[in-house]
Protein chains: 2
Amino acid sequence: MRRSQRKQEEPDLGILSSRTLFGLQRELFKRLSEQGHSQLRPRHGAVMAYLDEEGSRATDLAAQSGQHKQVIGTLVDELVELGYVERQPDPADRRAKLIVPTEKGRDQMAKSDAVLVEMEAAHARAVGEQAYADFKRVFKLIVERQTTTGQTDSSTAPPK
Amino acid sequence: MRRSQRKQEEPDLGILSSRTLFGLQRELFKRLSEQGHSQLRPRHGAVMAYLDEEGSRATDLAAQSGQHKQVIGTLVDELVELGYVERQPDPADRRAKLIVPTEKGRDQMAKSDAVLVEMEAAHARAVGEQAYADFKRVFKLIVERQTTTGQTDSSTAPPK
């Protein structure tokens, strides 16, 4: 059997994760585009997915998304330009900056969270609620394992 | 509860997939680097993960990896430069080219496949063999659902 055919029939964890991630991003950003957010691109998810209504520090966004702090800085520049976030002084540390969502940013965050809940609910209906809950539980364990064994950290760069 | 904290405690499918993918890439390319493949980067996985020993067409690699054909072309240029693949005429279609792994490429493919098998075996031991098999089964169903409902196709671009 050809290697590509074997990988099609018995996909490894990397193939399954990348298909899921890119497929989910494509669907999410298509729906967001229909809901008034046509200028956002999947890469902006590294900031928008983790942003707090109260504002977040760039270092926390880097750790949460697994992207370099430098990548986060570039994405924040783009999001400021597009009107989704603002840089404000951090009340807890006057030398630091907080990245705070604008009203447009908060709208995107709420819509994005709602689309993801809806997409996951559709998966759960299709594969069975219990099977989906078990899947999420094991998936979380695997992510935690990777993190503890040093397989994920903030220096992880995405594919370019 | 802060949004970021909620996402930490109850990560959605996008967060779980991206952490798994980037963590796995980081670990895989670290190990490959220790085994003589230090110049490869995670982005090259879009080609090397799907390449056949017999050679593959760029269009097939694009479909399998979910990357634009243009992205695949750039990656192949880099991999030719690094000595992992060669462009050869396709015996089945004289106007077409096949991307064929060199000996160095075949070495990387074998080592990469072996590392992934090992990483997955470690996950299975940690979460339980049956739980891991169930996890993979449901994961495959979800990927197939996304593909059928148009949530994944070859025009999906990765985060930059």
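Residues numbered from 1 in each chain as written. Chains lettered and ligands numbered in written order. Predicted model: local features only at pLDDT ≥ 70, side-chain atom pairs only at ≥ 80, totals over all residues. Heavy atoms only, no water.

1. Examining the pattern of salt bridges
Threshold: By definition, a salt bridge exists where a carboxyl oxygen of Asp or Glu is found within 4 Å of a side-chain nitrogen of Lys or Arg. Secondary structure elements are taken from DSSP: a helix is a run of H or I of four residues or more, a strand is a run of E of two residues or more, and numbering for both begins at the N terminus. Accessibility here uses a 1.4 Å probe with only protein chains present; expressed as a share of the type maximum, an area under 20% marks a residue as buried, one over 50% as exposed, and anything in between as partly exposed.
For the structure shown, the criterion picks out 26 salt bridges over all chains. In this structure, the salt-bridge partner of Arg-6 of chain A is Asp-113 of chain B, at a minimum N-O distance of 3.6 Å. Of this pair, Arg-6 of chain A sits in helix α1 (residues 3-9) while Asp-113 of chain B sits in helix α6 (residues 103-127), which puts the two residues in different chains. Taking relative accessible area as the criterion, Asp-113 of chain B reaches 15% and is therefore assigned buried. A salt bridge links Arg-87 of chain B to Asp-77 of chain B; the nearest nitrogen and oxygen atoms lie 2.9 Å apart. Here Asp-77 of chain B lies in helix α5 (residues 69-82) and Arg-87 of chain B lies in strand β1 (residues 85-90), a separation of ten residues in the sequence. Taking the relative accessible area as the measure of exposure, Arg-87 of chain B reaches 40% and is therefore partly exposed. Three or more residues joined by partner-sharing salt bridges are found here, namely Arg-3, Arg-6, Lys-7 and Asp-12 of chain A together with Asp-113 of chain B.

2. Quick word on the environment of Val-47 of chain B
Along the polypeptide, Val-47 of chain B turns up in helix α3 (residues 45-48). The spatial distance from the C-alpha of Val-47 of chain B to the C-alpha of Phe-29 of chain B is 14 Å, given a sequence separation of 18 residues.

3. Observations concerning the side chain of Ser-17 of chain B
Where we set the bar: The contact criterion used is simple: two residues touch if any of their non-hydrogen atoms lie within 4.5 Å.
Mapped onto the elements, Ser-17 of chain B comes out in helix α2 (residues 13-34). What makes Ser-17 of chain B buried here is its relative accessible area of 0%. Sequence-distant contacts of Ser-17 of chain B, defined by excluding residues within four places in its chain, comprise Ser-17, Thr-20, Leu-21 and Phe-139 of chain A.

4. Some details on the interface of chain B and chain A
Our working definition: By buried area we mean how much accessible surface two parts lose on assembly, using a 1.4 Å probe and totalling the loss over both.
Counting from both sides, the interface comprises 65 residues of chain B and, opposite them, 65 residues of chain A. A combined buried area of about 6800 Å² lies between chain B and chain A, and 59% of that area is made up of carbon and sulfur atoms. At the boundary of chain B and chain A, one finds eight salt bridges. In this structure, the salt-bridge partner of Arg-2 of chain B is Asp-52 of chain A, at a minimum N-O distance of 2.9 Å.

5. Quick look at the nonpolar core
Put simply, the rule reads: As used in this record, nonpolar core signifies buried Ala, Val, Leu, Ile, Met, Phe, Trp, Tyr and Cys residues forming a set joined through side-chain atoms within 4.5 Å.
Counting residues in each nonpolar core, the largest one holds 73 residues, and the members touching the most others are Val-47 and Phe-135 of chain A together with Val-47 and Phe-135 of chain B. Setting aside anything within four residues of it in sequence, one finds Val-47 of chain A in contact with Leu-61, Ile-72, Leu-75, Val-76 and Leu-79 of chain A.

6. Here we look at the confidence of the model for chain A
Residue and element names in this part refer to chain A. Stated precisely, the cut-off is as follows: Note on scores: pLDDT gives the predictor's confidence for each residue, bounded by 0 and 100.
For chain A, mean pLDDT is 90; residues scoring 70 or higher make up 92% of the total. Scored below 50 in pLDDT, residues 151-160 shows 36 contacts in the model against residues more than four places distant or in partner chains. Interface scoring of the predicted complex returns ipTM 0.87; its pTM is 0.87.

7. Points about the side chain of Gln-108 of chain A
Inspection of the secondary structure assignment puts Gln-108 of chain A in helix α6 (residues 103-127). Sequence-distant contacts of Gln-108 of chain A, defined by excluding residues within four places in its chain, comprise Leu-32, His-37, Leu-40, Met-48 and Tyr-84 of chain A.

8. Here's the deal with the environment of Ser-17 of chain A
Put simply, the rule reads: The term polar contact refers here to a pair of N or O atoms within 3.5 Å; inside protein, the definition further demands a hydrogen-donor-capable atom paired with an acceptor-capable atom, and it admits residues adjacent in sequence only when both atoms are side-chain atoms.
A C-alpha to C-alpha distance of 27 Å links Ser-17 of chain A and Arg-57 of chain A, two positions 40 residues apart in sequence. Among the polar contacts listed, one links the side chain of Ser-17 of chain A to the backbone oxygen of Leu-13 of chain A, at a separation of 2.6 Å.

9. A word on the relation of the copies chain B and chain A
Threshold: The superposition of copies rests on a least-squares fit of C-alpha positions from residues with pLDDT of 70 or more in both.
Note on the identical chains: chain B maps onto chain A by a rotation of 180° and an axial translation of 0.0 Å, with an RMSD of 0.0 Å. The relationship between the two copies is best expressed as a two-fold rotation axis. In this assembly the copies share their binding face: 100% of the residues contributing to the interface of chain B also contribute to that of chain A.

10. Some thoughts on the environment of Asp-113 of chain B
Separated by 34 residues in sequence, Asp-113 of chain B and Thr-147 of chain B place their C-alpha atoms 24 Å apart. Apart from residues lying up to four places away in sequence, Asp-113 of chain B is in contact with Arg-3, Arg-6 and Lys-7 of chain A. At 3.0 Å, the side chain of Asp-113 of chain B and the side chain of Lys-7 of chain A are in polar contact.

11. Observations concerning the packing of aromatic side chains
To keep it simple, the criterion reads: Here a Phe, Tyr or Trp ring, Trp counted by its six-membered ring, pairs with any other such ring whose centre lies within 6.5 Å, and the pair is stacked when the planes are under 30 degrees apart, edge-to-face when over 60, and tilted otherwise.
For the coordinates displayed, the defined rule picks out eight aromatic pairs over all chains. Taken together, a centroid distance of 5.3 Å and an interplanar angle of 65° make the contact between Phe-139 of chain A and Phe-135 of chain B edge-to-face. Placement of the pair is Phe-139 of chain A in helix α7 (residues 129-148) and Phe-135 of chain B in helix α7 (residues 129-148), with the two residues belonging to separate chains. Residue Phe-139 of chain A is classed as buried on the basis of its relative accessible area, which comes to 0%. Residues Phe-139 of chain A and Phe-139 of chain B carry aromatic rings whose centres are separated by 5.0 Å and whose planes lie at 55° to one another, so their mutual orientation is tilted. Here the residue Phe-139 of chain A occupies a position in helix α7, and Phe-139 of chain B occupies one in helix α7, the pair thus bridging two chains.

12. Side note on the pairing of strand β1 (residues 85-90) of chain A
Residue and element names in this part refer to chain A. Rules: Pairing between two strands requires that DSSP report at least two bridges joining them.
Here β1 runs beside strand β2 (residues 93-101); their pairing, made up of six bridges, is antiparallel. Across the sheet, Val-85 pairs through a bridge with Pro-101, a residue of β2. The loop that links β1 with its antiparallel partner β2 comprises two residues.

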